[in-house]
There are 2 protein chains.
Amino acid sequence: MKTPPLPPGSTIGIMGTGQLGRMLAAAAAKLGFKVIIYGPDKTPPAAQLANEHICASYEARDALELFAQKVDVATYEFENIPVSTVGLLIKYGASVRPGHEVLEVCQDRLFEKQFLQKLGLMTAPYWDVKSPHDLEIALKDMEGSGILKTRRMGYDGKGQVRLGQGDDPQTAFKACGGVPAILEEFVEFDCEISQIAMRGQGGEVSFFDPPHNLHKDGILHQSHVPANISLEVSEEARHLTASILEEIDYIGVLTVEFFWSSRKGLMANEIAPRVHNSGHWTVEACVSSQFEQHIRAIAGWPLGSSARHSNAVMTNLIGEDVKGWSDLIKNPHIALTLYGKEEARQGRKMGHTVETSPL
Amino acid sequence: MKTPPLPPGSTIGIMGTGQLGRMLAAAAAKLGFKVIIYGPDKTPPAAQLANEHICASYEARDALELFAQKVDVATYEFENIPVSTVGLLIKYGASVRPGHEVLEVCQDRLFEKQFLQKLGLMTAPYWDVKSPHDLEIALKDMEGSGILKTRRMGYDGKGQVRLGQGDDPQTAFKACGGVPAILEEFVEFDCEISQIAMRGQGGEVSFFDPPHNLHKDGILHQSHVPANISLEVSEEARHLTASILEEIDYIGVLTVEFFWSSRKGLMANEIAPRVHNSGHWTVEACVSSQFEQHIRAIAGWPLGSSARHSNAVMTNLIGEDVKGWSDLIKNPHIALTLYGKEEARQGRKMGHTVETSPL
């Protein structure tokens, strides 16, 4: 249903208080919105750029009710927010965009794969693994190797175990938490790209150019635009992503990670119902950033232009990488973004750089 | 003296809490700095994007001392902050960049003209007017016409009276507040441009492309880049502005408004020791914006690149203009920036748009 665009001065609520919430808050402020963030962390990255922080757990009914009453529209910055939390917000009268249906798909790798296949997207072959016995059978079918991934709560390489010849199913299942999982075949691919797309309340869809993503230790390291893929592949990625957005009547920014293989084509790896780390370069290189596009969409505004005016390389600053700031700032073409986190723990995303160059 | 660059996590203090402070705070946050704003307004535009707001007058010694203790470097968003306030901050141990010397020049139109002339810059002819009698003599010399401007506290056309044939000096002097003023000759010019430049602690200087500025009712209406001026004129504007920056060992962003006349050349109209309304397009069209450059400079960081990747037209939203937001957002190439002000009073700057196009 199309509602009138929210006027400036309205309040955007963001569930989650990390760097994505921080950058969404900055984009919302630029457009004249007030921002309330919600999450249990006491000194989170997003608080600096928000008007208010409701510091409470995702199960705290009173706090959720207060949040629901205060905001004109609510959104979330990560897909592992409990579906029941979103249900409560809706019960308390909040408009939540995107809705909770997409969370149910994205929070479970098995449901996600089934959803993608239903829409005709290719995925890596996988087995449903509920027990060590299931894993034993699956491994035999996959010639002894694959990646065991927990169905729920996995991100940045967490909840994953790589299995090779001779590995014991019992041990592996336990190492992965002893919880329902899937065993995914190792797929060979030429590169990983991500298609970041958005859909407005009027049903209009827009796409950023897909970056080529490189990983290090299971965490995104760099995103390069333009990616070294053909126009044909790029158009297919758009087409497949649009089919997802339309199937679930999605409002906001959504990202699909694809593996591209010249032999097999595009395989969908994962859906993120949100702005994405591989899209941070859109702040420096596009007319409207992914953060602005998401805020525009959930506020019922027409989308801005996703056109790219520069080439870009985004590099994550993980853990101690951030200590290199004094060298990074010497390159005048590098834009630095830091998330205001105090402790540079191993594997923690502390900031990123975007190096731009003319088209 | 060159000091080491301030590390991320340090605190930037901003005197003044309006839209320029708001955009400076956003730029500082992106670079990982904390921000404390200082000013008497209770719900100012900059508060949304700052970690803390010290709400006090510019004469409140206790509050100034607290501010000085909390910040690692202080700056100001407007040139009419009392020089004595900056003096107190320095007394209480704060580093203030740019310093107070430039304020003494910029707060007084007579000193400003004398300063410009001393450096060899051309200005409009003017008379020092201390009394109605001075004005009478000056008017005779200027063939009966000119603009009477108060020496202090004038901006956006305030504190100005236009005088033509037959106007009474006594009445005009009173209309202008009965305070020390200058009478400036009406100068004919082809266009007004502004040169926004910055200087880092290492003495390096960088320049944005000068926009061509159009006014309405004495307030900036639009800034267009590129301006329709020759490379030669552009280079002269840079050269003249650099001479100002170097003369006063300036740190940060500084703006010089010039009148350009094909007959007379470049005449300096005004110096603003700060980021400038005519530079707002640098957010959407340059690698580093004027706000980021100012923060980098005062934090002792090397300057970023001032290179422009897009053409741009910035349009101010004054007073009720802002009510047109729902039409403005329909153009996907228009970036909207609103300042979070509740009341759209006449003549009040409420926001601006930047329409970009490829180079």
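Our subject is the structure that appears above.
Remember, predicted model here, so these are calculated numbers, not experimental data.

### Section: the overall build of chain A
Thinking step 1. Tallying secondary structure elements over chain A gives eleven helices and 17 strands in all.
Thinking step 2. On C-alpha atoms alone, chain A measures out to a radius of gyration of 20 Å, which is about the 21 Å that the 2.2 N^0.38 rule sets for 359 residues.
Thinking step 3. Across the 359 residues of chain A, 58% fall into the buried class.
Thinking step 4. Expressed as a percentage of contacts within chain A between residues at least 6 apart in sequence, the contacts between residues at least 24 apart total 62%.
Thinking step 5. Considering chain A, the positive charge centre built from 34 side chains and the negative charge centre built from 44 side chains are found 4 Å apart.

### Digging into the pairing of strand S11 (residues 212–216) of chain B
Residue and element names in this part refer to chain B.
Thinking step 1. Bridge analysis of strand S9 (residues 191–199) against S11 gives two bridges, and the strand direction is antiparallel. Across the sheet, Ile193 pairs through a bridge with His212, a residue of S11.
Thinking step 2. Once S11 ends, the chain turns through two residues before running back antiparallel as strand S12 (residues 219–225), passing Asp217 with a positive phi of about 50°.

### Some words on the pattern of salt bridges
Residue and element names in this part refer to chain A.
Thinking step 1. If you walk through the whole model with that rule in mind, you get 35 salt bridges over all chains.
Thinking step 2. Of the charged contacts, one joins Arg151 and Asp108 as a salt bridge, the two residues approaching to 2.8 Å between their closest N and O atoms. Placement of the pair is Arg151 in the loop between strand S6 (146–150) and strand S7 (160–163) and Asp108 in the loop between helix H4 (101–106) and helix H5 (109–118), with a sequence separation of 43 residues.
Thinking step 3. Judged by its relative accessible area of 13%, Arg151 is buried.
Thinking step 4. Residue Asp108 is classed as buried on the basis of its relative accessible area of 4%.
Thinking step 5. Ionic pairing is found between Glu270 and Arg109, a salt bridge with its closest N-O pair at 3.2 Å. Linking Glu270 in strand S14 (residues 265–272) with Arg109 in helix H5, this pair joins segments that are 161 residues apart in sequence.

### Details of the packing of helix H1 (residues 19–30) of chain B against helix H10 (residues 290–298) of chain B
Each packed pair of helices is defined by two parameters, the angle between the axes and the distance between the axes.
Residues and elements named next belong to chain B.
Thinking step 1. Where H1 contacts H10, the axes come no closer than 8 Å and their chain directions differ by 70°. As the angle between them shows, H1 and H10 are arranged roughly perpendicular. By crossing handedness, the relation of H1 to H10 is classed as right-handed. The segment H1 lies against H10, with Leu20, Met23, Leu24, Ala27 and Ala28 engaging Phe291, Glu292, His294 and Ile295.
Thinking step 2. Across the contact of H1 with H10, the residue classes break down as seven nonpolar, one polar and one charged.

### Structural notes on the side chain of B:Lys349
Residues and elements named next belong to chain B.
Thinking step 1. By the secondary structure assignment, Lys349 is in strand S17 (residues 349–358).
Thinking step 2. We classify Lys349 as buried; its relative accessible area is 14%.
Thinking step 3. A polar side-chain atom of Lys349 sits 2.9 Å from a polar atom in the side chain of Asn277.

### Digging into the relation of the copies chain B and chain A
Thinking step 1. With an RMSD of 0.0 Å, the fit of chain B onto chain A corresponds to turning through 180° and sliding 0.0 Å along the axis. Expressed as a symmetry operation, the mapping of one chain copy onto the other fits a two-fold axis. If distances are taken from each C-alpha of chain B to the rotation axis, the shortest is found for B:Leu49, at 2.4 Å.
Thinking step 2. Most of the interface of chain B is mirrored in chain A, where 100% of its interface residues again form contacts.

Calculation notes
Residues numbered from 1 in each chain as written. Chains lettered and ligands numbered in written order. Predicted model: local features only at pLDDT ≥ 70, side-chain atom pairs only at ≥ 80, totals over all residues. Heavy atoms only, no water. Helix = DSSP H or I, 4+ residues; strand = E, 2+ residues; numbered from the N terminus. Rg over C-alpha atoms; globule rule 2.2 N^0.38 Å. Buried < 20%, exposed > 50% of the residue type's maximum accessible area, 1.4 Å probe, protein only. Contact = heavy atoms within 4.5 Å. Lys, Arg positive; Asp, Glu negative; His and termini not counted. Charge placed at Lys NZ, Arg CZ, Asp CG, Glu CD. Pairing = 2+ DSSP bridges. Salt bridge = Lys/Arg side-chain N within 4 Å of Asp/Glu carboxyl O. Axes fitted to C-alpha atoms, helices over the stretch in contact; angles between N-to-C directions. Parallel < 35°, antiparallel > 145°, perpendicular 65-115°, else oblique. Left-handed = near helix turned anticlockwise from the far one by under 90°. Nonpolar A, V, L, I, M, F, W, Y, C, P; charged D, E, K, R; others polar. Polar contact = N/O pair within 3.5 Å; in protein donor to acceptor, adjacent residues only side chain to side chain. Least-squares fit on C-alpha atoms with pLDDT ≥ 70 in both.

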